[in-house]
Amino acid sequence: MKQHIALKRSRWLLALIVLTTSQLYSQTSGSLDSSILDRLNTLEQQVNYKKPGNDHFMMVGLTTFGFAASKNTNTLNGVGSTSKNNSFPDADNFEFSPMFLWRHGTKFLMEFEPSFNNNGLSVNWADISYFAAPNLIIRAGYLVLPFGTYAKREAAGWIDKLATDPMGIADMTPTDYGVEVEGGLPLGSMKLNYDVALSNGNQLLGDGTLASGNIVDNNNNKTVTARIGWLPFSNSSLELGVSGMFGKVGDMGSPYANAVGNMYAFDLNYVKTFSPVLLNIKAQYNIQNITNENFINPNDSTQSYTFNNHTTAGFVQCSVRPTEANNFLKNFELAGRYTSYNLPGNSTFGTNQHTVTVGLDYWLSWRTVLKATYETYTGNSTASKVLGSYNGLTNTNTFYLQFSIQL
Amino acid sequence: MKQFLSIKKITIALVAVFSIVAVLSINGCAPTKAVAAKSGAQLWAENCQRCHNTPSPASYSAEQWETIGMHMQTRALITEAERKKIVDFLKSSR
């Protein structure tokens, strides 16, 4: 009987324990679920709060700072003179250019790059792009025209492997107000890219040189600039490009009203690893033809003069960087460049100019570089002796130490 | 006047060339299978170094890479398919 009572008590006790435990478990489980849900809700609110809209703004930019020491020798009419200069920033060696990028969704991109250098405060470009179709971009604003590739792709201090720009190349690539259509196209194992712009155009000045970037057009004619690039290899190692720029350059109603400027450019870019080095060859050749006009003699306004207004500029650059070495050696890059720039003879500014430039770079990161560059310049004046513009033979040797970073 | 006419001819020739390019592309000048199969990493290695050193994926946030990708497409004129693959690679490798 006692055993039966003990068994009964045990059963009751067991039932009580089971009931209590399940109740406790049920309460703990419920409390955990609500805590997790609360946290999830809070996180969702935080994510929603920080979720970006369609507008995205970011600022990048670059700065270049340098030191230049030069020795200049000029020989005119058999008389030589020598001068030595050294300075911190000059036009080639200082630039501070923040770049503002606004993206609206995946269709619109607004780009604005002001720049401060020794020429003062200016704007490199200010435009808006509309990504209209997979390989079709329409742009309007203040544009770097598609003439060659140097100015648009290679001129930035943190990209250029030498401290100086090749003479004449960037100068003959104006920035202008207009509209542009561009894109890249797959073509089997090759690629093509196209870039066409319609802009206000250049302005012929009173000495036969060209000015660009006028916000008020000097005539009713618009200038067409176009470039076609061809990448024949599937690894994109080689790009060949041809460009043209055609338009009237004379002021409307002036004696130069019918003056026309025709410009052509040919460019090449080859980048390939030949173990143990990465080889990079870049080249561009520009030709500028302007119709021959009669200009007012600067020494006698009753007289005029004319000349064959034909200009050429070209460069070839080669650089090598180790790919198989220790991390310290891999950061070095050796570069060399030959540049030729021939301005029209018998003008007030005619010169045949050549530079040989060599440099050793040390890459502190993929976008930070310290450059040591040595450049020899030879300028042989072809300017008019009659106009008193001839200035003999000039030789300049310059050493540059330059630091450039993109952030 | 002759020069002006020659400009017209050159412009017409350019327009003709661009029209041919447009027609070729519209008519399915797609990349070969091998080219289309390239990964974002391979395209990053091949295309970025055409102008500058290959960028570190850690340099920008995922959202910023979208913007940088669009900016680079306007500069290097890579195709849209290449841009998307390169940006996806950079975002996933951060």
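Positions within a chain are numbered from 1, following the residues in the order the chain's sequence is written. Note on labels: chains are lettered from A, ligands numbered from 1, in written order. The predicted nature of this model means local features are confined to residues of pLDDT at least 70 and side-chain atom pairs, given and counted, to a pLDDT of 80 or more, with totals for whole chains, interfaces and linings taken over all residues.

Novice: With reference to specific residues and values, describe unusual backbone geometry.
Specialist: The linkage connecting Ser275(A) with the following residue, Pro276(A), adopts the cis geometry, with an omega of 15°. In this text, helices come from DSSP runs of H or I with a minimum length of four residues, and strands from runs of E with a minimum of two, each type numbered from the N-terminal end. By the secondary structure assignment, Pro276(A) is in the loop between strand E13 (260-274) and strand E14 (277-290). Positive phi values are uncommon outside glycine, yet Ser236(A) reaches one of about 60°. Tracing the backbone through its elements, the reader meets Ser236(A) in the loop between strand E11 (223-231) and strand E12 (238-248). When the 23 C-beta atoms within 10 Å are taken as the criterion, Ser236(A) is described as buried. With phi around 55°, Leu77(B) is a residue other than glycine that occupies positive phi space. Buried means a residue has 20 or more other C-beta atoms within 10 Å of its own C-beta, exposed means 12 or fewer, and partly exposed covers the counts in between; C-beta atoms are placed from the backbone.

Novice: Provide a residue-level description of helix H4 (residues 62-76) of chain B, including the pertinent values.
Specialist: Residue and element names in this part refer to chain B. To estimate the expected span of a helix, subtract one from its residue number and multiply by 1.5 Å. Over its 15 residues, H4 extends 20 Å from the first C-alpha to the last, a length consistent with the 21 Å expected when each residue adds 1.5 Å. Those residues of H4 that fall on the buried side of the exposure criterion are Trp 65, Glu 66, Thr 67, Ile 68, Gly 69, Met 70, Met 72, Gln 73, Thr 74 and Ala 76. Following H4 by one or two positions, Leu 77 has its phi on the positive side, about 55°.

Novice: So what's going on with the interface of chain A and chain B? Residues and values would help.
Specialist: In this description, any two residues whose backbone-derived C-beta atoms lie within 7 Å of each other are considered to be in contact. Facing the 48 residues of chain A at the interface are 39 residues of chain B. Residues are sorted three ways: Asp, Glu, Lys and Arg are charged, Ala, Val, Leu, Ile, Met, Phe, Trp, Tyr, Cys and Pro are nonpolar, and all the rest, Gly among them, are polar. Of the residues in the side of chain A that touches chain B, the class split is 22 nonpolar, 16 polar and 10 charged.

All we've got here are geometric facts, nothing functional implied.
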